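If you want the building blocks of each chain, they are given just below.
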Amino acid sequence: MEVIKQASAIREIVQELRCSGKRIGFVPTMGALHEGHLSLLRASAQDNDITICSIFVNPTQFNNAEDYSLYPRTLAQDVELLKTVGCDYVFAPVAQDIYPQQSLLQFSFGPLEAVMEGEHRPGHFNGVATVVGKLFHLVQPHRAYFGQKDLQQVAIVKQLVLGLSFDVELVRYPTLREPDGLALSSRNKRLSPEQRQLAVSLYKALQLAKGLLPLKPVTSIKEAVAAYLQGIDQVQLEYFEIAHPDTLQPLAQAQGEPEVALCIAAFVGEVRLIDNILVNLNEAQIVA
Ligand code: PAF
């Protein structure tokens, strides 16, 4: 496995690989790797000839300077982990190579970015689209792997790929969880032991909502989720939505939809966490 720091170097490598007919799988990350990332890398190593992982804490997608500075950076440890999962190249660029000048690009994703993460983190998806676009140009993958935990990000990247005609197949991979249900996230590293125990309440809230879906209207489910989290110390709900699984637009009622996405964001202490589950309503009704 090679660690590449320069954009020009990864371009050359990719060009040679493509000329020799290799299929390239790509896992873009911001590092602080956990099993969730590693599952994407294993999938890529299995599906493609070559796997490239990028590690870059992208400044333009943070709408909060403190969040950016506190984001965990563990490159040496990440490189060791990547050696164990069939990764061939780690692309860990310096910011100057990705942003040689201040990025002025503006994307618009319409209603998709007006809700949930887009609504609560202004500019976030513009930064994600900017860096993913740049990385796709540099790495030129045949396939790119993203985790379902960032469901709205996957939808944004899908629009980016369609909008700019990137010749890349997107693979959405299921969220990996701790045994108690907490979704794996690099941000979990910032939780104190006590907060770590409380953080599972996001997953529990999603399960509560799932159980209520066949029984209650959307407004009552939202109230039940808010009331449940209000009772938990240090947990501050930012949003809970019942949304269409592809457009991510909030649904006023779930009945009649084959599948819905339950999406949540909450602060646990100072740490902002997100999670979601997809619920097949036919199955939910049978269970009920
Ligand atoms: O999901 C992430 O880690 C980031 O948003 C991504 C896709 C690597 C872009 O910086």
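In case you missed it, the structure is sitting above this.
Attention here is on the structure that accompanies the text. (Residues numbered from 1 in each chain as written. Predicted model: local features only at pLDDT ≥ 70, side-chain atom pairs only at ≥ 80, totals over all residues. Heavy atoms only, no water.)

## Section: the pattern of salt bridges
For clarity, the threshold we go by: Here, a salt bridge means any Lys or Arg side-chain nitrogen found within 4 Å of an Asp or Glu carboxyl oxygen. Counting from the N terminus, the helices are the DSSP runs of H or I reaching at least four residues and the strands are the DSSP runs of E reaching at least two. Throughout, exposure labels follow a simple rule: accessible area from a 1.4 Å probe, protein chains only, divided by the maximum for the residue type, with under 20% read as buried, over 50% as exposed, and the rest as partly exposed.
Tallying each qualifying case throughout the model produces twelve salt bridges. Among the ionic pairs, R177 bridges to D275, the shortest N-O distance being 2.8 Å. Of this pair, R177 sits in the loop between β6 (169-173) and α9 (193-199) while D275 sits in strand β9 (residues 271-280), and the two are 98 residues apart along the sequence. On the accessibility criterion, R177 (26% relative accessible area) is partly exposed. The salt bridge partner of K222 is E241, with a shortest N-O separation of 2.8 Å. Taken together, the residues K222 in helix α11 (residues 218-230) and E241 in strand β7 (residues 235-243) connect sequence positions 19 residues apart. Here K222 falls in the partly exposed class, since its relative accessible area comes to 28%. For E241, a relative accessible area of 16% corresponds to the buried category. Shared partners join several salt bridges into a network, and the residues in it are D67, E117, R121, R187, R190, E238 and R272.

## Observations regarding the environment of A129
The following threshold applies: Residues are treated as being in contact if the distance between any of their heavy atoms lies within 4.5 Å.
Along the chain, A129 falls in helix α7 (residues 124-139). Counting along the chain gives 68 residues from A129 to Q61, while the straight-line C-alpha distance between them is 8.8 Å. Ignoring any residue separated from it by four or fewer positions in sequence, one finds A129 in contact with F107, F109 and L160.

## Re the site of the ligand
The criterion, for reference: When we say a residue is near a molecule or strand, we mean one of its heavy atoms is within 4 Å of it. The term polar contact refers here to a pair of N or O atoms within 3.5 Å; inside protein, the definition further demands a hydrogen-donor-capable atom paired with an acceptor-capable atom, and it admits residues adjacent in sequence only when both atoms are side-chain atoms. The method behind every accessible area is Shrake-Rupley, applied with a 1.4 Å probe, and residues are considered shielded solely by the protein chains displayed. Points on a 1 Å grid, built from protein atoms alone, make a cavity when a 1.4 Å probe fits but cannot get out and make a pocket when they are open with protein on both sides within 12 Å along at least 5 of 7 lines; residues with an atom within 4 Å of a point are the lining residues. Think of it this way: a molecule belongs to a cavity or pocket when more than half its atoms come within 2 Å of the grid points there. For this scheme, ten residues count as nonpolar: Ala, Val, Leu, Ile, Met, Phe, Trp, Tyr, Cys and Pro. Four count as charged, namely Asp, Glu, Lys and Arg, and the remainder, Gly too, count as polar.
In the vicinity of the ligand, the contacting residues are P28, T29, M30, N58, Q61, V131, F146, D150 and Q153. Q61 is positioned with one of its side-chain polar atoms (N or O) 2.6 Å from an oxygen atom of the ligand. Q153 has a polar side-chain atom sitting 2.6 Å from an oxygen atom of the ligand. Contact with the protein chains hides 90% of the accessible area of the ligand, taken as 290 Å² for the molecule alone. Among the detected pockets, the ligand sits in the largest cavity. Class assignment for the residues of the shell around the ligand results in four nonpolar, four polar and one charged.

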